[in-house]
Amino acid sequence: EGAGGDPSARGLELELTVLVSLERERGNVSYAALNELKNNPQILNVSYVTGEYGLIFTMVTQTMEDYEEFTRNVLYADRNVKNFKTLVRMRKIK
């Protein structure tokens, strides 16, 4: 778990995994997005990865509306984010 313990104890029930495609023209990772992700307590983990996506992170939120606001403020606001795909956990298996 990220800092702050059990997310469900904080009322953060939705767990989302987000795959982020980055613009590669400058050859570097979007440091603005990385800093935002590293400093956000709702982000459980974030990794810089190879392949079609440049970043993958898992976050928790209370509602989809909260996630929508996050996408507007962080992902859509960053010109280095080309697009992203969101996976929503339906049930925890392990």
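For the structure, check the block above.
A few points on the structure. (Residues numbered from 1 in each chain as written. Predicted model: local features only at pLDDT ≥ 70, side-chain atom pairs only at ≥ 80, totals over all residues. Heavy atoms only, no water.)

**What to know about the overall build of the protein chain**
The number of helices and strands found in the protein chain is 2 helices and 4 strands. The linear arrangement of helices and strands in the protein chain, starting from the amino end, is β-α-β-β-α-β. Here the analysis covers contacts within the protein chain between residues at least 6 apart in sequence; of these, 67% occur between residues at least 24 apart. For the protein chain, the exposed area adds up to about 6,200 Å²; of that, 48% sits on carbon and sulfur atoms. (Helix = DSSP H or I, 4+ residues; strand = E, 2+ residues; numbered from the N terminus. Contact = heavy atoms within 4.5 Å. Areas by Shrake-Rupley, 256 points an atom, 1.4 Å probe, with all protein chains shown as cover.)

**Observations regarding the packing of aromatic side chains**
Considering all chains together, one arrives at 3 aromatic pairs under this definition. Each ring, one from Phe57 and one from Phe70, has its centre 6.0 Å from the other, and the planes form 65°; the classification is edge-to-face. Placement of the pair is Phe57 in strand β3 (residues 55-61) and Phe70 in helix α2 (residues 64-75), with a sequence separation of 13 residues. For Phe57, a relative accessible area of 0% puts it in the buried group. The exposure class of Phe70 is buried, given its relative accessible area of 8%. Ring plane angle 65° and centroid distance 5.3 Å describe the contact between Tyr76 and Phe84, whose orientation is recorded as edge-to-face. Residue classification places Phe84 among the partly exposed positions, given a relative accessible area of 21%. (Phe/Tyr/Trp six-rings, centres within 6.5 Å; stacked < 30°, edge-to-face > 60°. Buried < 20%, exposed > 50% of the residue type's maximum accessible area, 1.4 Å probe, protein only.)

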